[in-house]
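As a plain string of letters, each chain reads:
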Amino acid sequence: MSETPIPDGARRVAEKLAKLGHPHEVVLLPVTGRTAADAATALGVELGQIAKSIVFRRKSDDAAVLVVTSGDLRVDEKKVAALVGTLGRADADFVKASTGFSIGGVSPVGHTTPPVILVDRELFRFDQIWAAAGHPYAVFPLSPDELVALTGAPVADVT
């Protein structure tokens, strides 16, 4: 994909990262990073180093709740609900409408409408992690501390 123009969602994330002073660029993968396993394989990193984005729909106000967790773990919906309120499923249309990104490319930054964000404490097991950058083929590297700084999100026990 080296000669392919950067997709719109990835461009939006790259611009937001530059505006926030993030030192790393968006990387376009030669294969899809739609799942954490796909991204880890493409990057040659541990599954847990993939900062996967899980979106829920908060029932009280229909807000998007974005949980950024380690790729090797499952989010405990009850723990998330205890922190942000009762949750419902977020289908593909809701995710796209509320974040501006399609499932498989939801970035922790650059949303069309800012979601409620929680960062999983388990990401801190790694010095470097990789997050989606607005498109299933786009990712960017960062540290867990940079993730917290970029999003302003609290660190929580969500797995």
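Scroll up to find the structure this text is about.
Residues numbered from 1 in each chain as written. Predicted model: local features only at pLDDT ≥ 70, side-chain atom pairs only at ≥ 80, totals over all residues. Heavy atoms only, no water.

Q: Whenever I open this one, the overall build of the protein confuses me. Can you help?
A: Across its full length, the protein carries five helices and eight strands. When the elements of the protein are put in sequence order from the N terminus, they spell out α-β-α-β-β-α-β-α-β-β-β-α-β. Here the C-alpha radius of gyration of the protein, 14 Å, is about what a compact globule of 159 residues would show, namely 15 Å. For the protein, the proportion of its 159 residues judged to be buried stands at 48%. The contacts of the protein with a sequence gap of at least 6 include a subset with a gap of at least 24, amounting to 63%. As presented, the protein carries roughly 7,900 Å² of accessible surface, and 51% of it is formed by carbon and sulfur atoms. Computed over 16 positive and 19 negative side-chain charges, the inter-centroid distance for the protein is 6 Å. (Helix = DSSP H or I, 4+ residues; strand = E, 2+ residues; numbered from the N terminus. Rg over C-alpha atoms; globule rule 2.2 N^0.38 Å. Buried < 20%, exposed > 50% of the residue type's maximum accessible area, 1.4 Å probe, protein only. Contact = heavy atoms within 4.5 Å. Areas by Shrake-Rupley, 256 points an atom, 1.4 Å probe, with all protein chains shown as cover. Lys, Arg positive; Asp, Glu negative; His and termini not counted. Charge placed at Lys NZ, Arg CZ, Asp CG, Glu CD.)

Q: What am I meant to see in helix 5 (residues 144-151) here?
A: Every α-helix winds through 3.6 residues per turn, so residues three or four apart in the chain are directed the same way. Looking at helix 5, one finds that the buried residues are Pro144, Leu147, Leu150 and Thr151. Angular distribution of buried residues about the axis of helix 5 spans 120°; they occupy a single face of the element. Exposed positions of helix 5 whose direction lies more than 90 degrees from the buried face are Asp145 and Ala149. Residues of helix 5 that are buried in the fold lie against helix 1 (8-19), strand 3 (64-70), strand 5 (116-120), strand 6 (129-132) and strand 7 (138-142). (Arc of directions from axis to C-beta.)

Q: Quick question: what am I supposed to make of the pattern of salt bridges here?
A: Counting across every chain of the model gives eight salt bridges. Among the ionic pairs, arginine 57 bridges to aspartate 62, the shortest N-O distance being 3.0 Å. A relative accessible area of 27% places arginine 57 in the partly exposed class. One salt bridge in this structure joins arginine 121 and glutamate 122, with 3.8 Å as the shortest N-O distance. One connected set of salt bridges, linked through shared partners, spans Asp72, Lys79, Arg121, Glu122, Arg125 and Asp157. (Salt bridge = Lys/Arg side-chain N within 4 Å of Asp/Glu carboxyl O.)

Q: Which parts of the structure should I look at to understand the pairing of strand 5?
A: Consecutive side chains of a regular strand alternate in pointing toward one face of the sheet and then the other. Counting buried residues along strand 5, four of its five residues qualify, which places the element largely inside the surrounding structure. Note: strand 3 against strand 5, four bridges, orientation parallel. Pairing of valine 67 across the sheet is with leucine 118, part of strand 5. As judged from the two bridges shared by strand 5 and strand 8 (residues 155-156), these two strands associate in the parallel manner. Opposite aspartate 120, over in strand 8, you have alanine 156 as the bridge partner. (Pairing = 2+ DSSP bridges.)

Q: Help me understand the environment of arginine 125 in this model?
A: Here arginine 125 is to be found in the loop between strand 5 and strand 6. Considering only alpha carbons, one finds arginine 125 and glutamine 49, 76 residues apart in sequence, at a separation of 8.6 Å. Other than its neighbours up to four places away in sequence, arginine 125 contacts Gly48, Ser70, Asp72 and Leu73. One polar contact links arginine 125 to serine 70, side chain to side chain, over a distance of 2.7 Å. Of note is the side chain of arginine 125, whose polar atom sits 2.9 Å from the backbone oxygen of glutamate 122. (Polar contact = N/O pair within 3.5 Å; in protein donor to acceptor, adjacent residues only side chain to side chain.)

Q: Help me understand the environment of valine 55 in this model?
A: Summarising the element assignment, valine 55 is placed in strand 2 (residues 50-58). A C-alpha to C-alpha distance of 19 Å links valine 55 and phenylalanine 140, two positions 85 residues apart in sequence. In this structure, valine 55 is in contact with Ala64, Val65, Leu66, Ala90, Phe94, Val95 and Val106, ignoring residues within four places of it in sequence.

Q: Looking at this structure, how should I read the pairing of strand 2?
A: Direction of pairing for strand 2 relative to strand 6: parallel, over a ladder of two bridges. Across the sheet, isoleucine 50 pairs through a bridge with tryptophan 130, a residue of strand 6. By the bridge criterion, seven bridges tie strand 2 to strand 3 in an arrangement that is antiparallel. Each bridged residue has a counterpart across the sheet, and for arginine 57 the counterpart in strand 3 is alanine 64.

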